[in-house]
Amino acid sequence: RFIAKPCAINLGIQDSGPHRAQPNAILEKVFTSITKSPDGKRLEGLSKQLDWDVRKIQRWFRHRRNQDKPTTLTKFCESMWRFTFYLSIFFYGIRFLWTAPWFWDTRQCWYNYPFQPLTSRLYYYYILELAFYWSLMFSQFTDIKRKDFLIMFVHHLATIGLITFSYMNNMVRVGTLVLCLHDASDFLLEAAKLANYAKYQRLCDAFFMLFGVVFIVTRLGIYPFWILNTTLFESWELIGPYPSWWLFNGLLVTLQVLHVIWSYLIVRTAYKALVRGKVSKDDRSDVESSSEEEDAAPNGTKGVFGASSNGSNRVNGHVAGGQWTEE
């Protein structure tokens, strides 16, 4: 409210929503009581009843669905808040872990386990991360709705479960590695979205490509060969299996499955952008294209985050064009 909004206004982002639908009592009743996306048969009936062209009625329903969507300014403020947190917590984690022995030798995570001291810096790192993910768990029901809501819900549950479980079992050393690794790419995604909303297309594309590289390297490279290796094999060797070992590693493997899904979506979007020179409308887009804009859309190329027709291009989630997968 006091930082992100003034920044958005200075960048020329307007606090205006999509085009509002023309008031019509009959169509409004159908929209609120029957369906928000009428089929062909119902469209024909409404066309005869109102003496409107079917295309015009489709346009009305499209505008009506879009008019309650959040504005670009709202999305900018949400992304700026997340960018601020992710960037701050990432640098805090790097600064803290740089002098930690287990950052350079993962076997140190299990020496003398579970009798390992909990320092104040480690404690605050954990509490901040846990508080943030709990806030995401609750705010996802009121924030901008995404098509990957269910995947994000599973992700937040797994993350909160891992943070809580590892803290209760004093597995905080390996837990800090997991947290820092995940924060490494998140702030780049939010930076790409901020540039997207501000219509700095080249900067947006650069941030997104950098995000894709860091995401794949950390989630498909470092995470399985560094983190999962120590939790699955080094811990088994040094302290042996125990009941909670299975739950802990089960949650970590669940995260890896999500990493694979998101990496596929990111690579697919980047591939489409490179091959076609432009990207199609984001499958997770919050706002639909209006028919007028569809008819008048130019054939020129767009960047990786090609703007959606209402000016609020790929708005949340992780990839533009093909799919923005939010992690």
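Anything mentioned here points back to the structure above.
Small disclaimer: the values here were computed from a predicted structure and weren't measured.

**Q** In this structure, what is going on with the overall build of the protein chain? I would like to understand it.
**A** Looking only at helices and strands, one finds twelve helices and zero strands in the protein chain. Along the protein chain, from the amino end to the carboxyl end, the secondary structure elements read α-α-α-α-α-α-α-α-α-α-α-α. Across the 327 residues that make up the protein chain, the buried fraction comes to 51%. Residue pairs at least 24 apart in sequence account for 78% of intrachain contacts in the protein chain once pairs closer than 6 positions are excluded. Counting every atom, the protein chain has about 16,100 Å² of accessible surface; 63% of that belongs to carbon and sulfur.

**Q** What is the right way to read the environment of Leu258 from this model?
**A** Mapped onto the fold, Leu258 is located in helix α11 (residues 243–276). Taking the C-alpha atoms as reference points, Leu258 and Ile151, separated by 107 residues in sequence, lie 7.8 Å from one another.

**Q** What is the right way to read the pattern of salt bridges from this model?
**A** Pairs can form between side chains of opposite charge once their charged atoms are near each other. Under the definition given, this model contains four salt bridges. For Arg107, the salt bridge identified is with Glu237, shortest N-O distance 3.2 Å. Here Arg107, found in the loop between α6 (101–104) and α7 (120–139), pairs with Glu237, found in helix α10 (residues 201–238); they are 130 residues apart in sequence, far enough to count as distant. Residue class for Arg107 comes out partly exposed when judged on its relative accessible area of 23%.

**Q** Where do I start with the packing of helix α5 (residues 72–97) against α7 in this structure?
**A** Two measures define how a pair of helices packs: the angle their axes make with one another and the distance between the axes. Here α5 crosses α7 at 155 degrees, and the two axes come no closer than 11 Å. As judged from the angle between their axes, α5 and α7 are roughly antiparallel. Of the two possible hands of crossing, α5 and α7 adopt the one that is left-handed. Along its contact with α5, which presents Trp81, Arg82, Phe85, Tyr86, Ile89, Tyr92, Gly93, Arg95 and Phe96, the element α7 presents Arg121, Leu122, Tyr124, Tyr125, Leu128, Glu129, Phe132, Tyr133 and Leu136. A breakdown of the residues in the contact of α5 with α7 according to their chemical character gives 13 nonpolar, one polar and four charged.

**Q** In this structure, what is going on with the environment of Ser235? I would like to understand it.
**A** Assignment of secondary structure puts Ser235 in helix α10. Remark: the alpha-carbon pair of Ser235 and Cys109, spanning 126 residues in sequence, is separated by 8.3 Å. Not counting residues within four places of it along the chain, the set of residues in contact with Ser235 comprises Trp110, Thr230, Gly240 and Trp245.

**Q** Would you mind going over unusual backbone geometry with me for this structure?
**A** Across the chain, the bulk of peptide bonds are trans and the bulk of non-glycine residues have phi less than zero. Here the bond from Tyr113 into Pro114 is cis, since omega is 5 degrees, no more than 30 degrees from zero. Turning to its location among the elements, Pro114 is positioned in the loop between α6 and α7. One non-glycine residue, Asp51, lies in positive phi territory at about 60 degrees. Following the sequence through the fold, Asp51 ends up in the loop between α3 (40–50) and α4 (54–66).

Quick notes on the rules
Residues numbered from 1 in each chain as written. Predicted model: local features only at pLDDT ≥ 70, side-chain atom pairs only at ≥ 80, totals over all residues. Heavy atoms only, no water. Helix = DSSP H or I, 4+ residues; strand = E, 2+ residues; numbered from the N terminus. Buried < 20%, exposed > 50% of the residue type's maximum accessible area, 1.4 Å probe, protein only. Contact = heavy atoms within 4.5 Å. Areas by Shrake-Rupley, 256 points an atom, 1.4 Å probe, with all protein chains shown as cover. Salt bridge = Lys/Arg side-chain N within 4 Å of Asp/Glu carboxyl O. Axes fitted to C-alpha atoms, helices over the stretch in contact; angles between N-to-C directions. Parallel < 35°, antiparallel > 145°, perpendicular 65-115°, else oblique. Left-handed = near helix turned anticlockwise from the far one by under 90°. Nonpolar A, V, L, I, M, F, W, Y, C, P; charged D, E, K, R; others polar.

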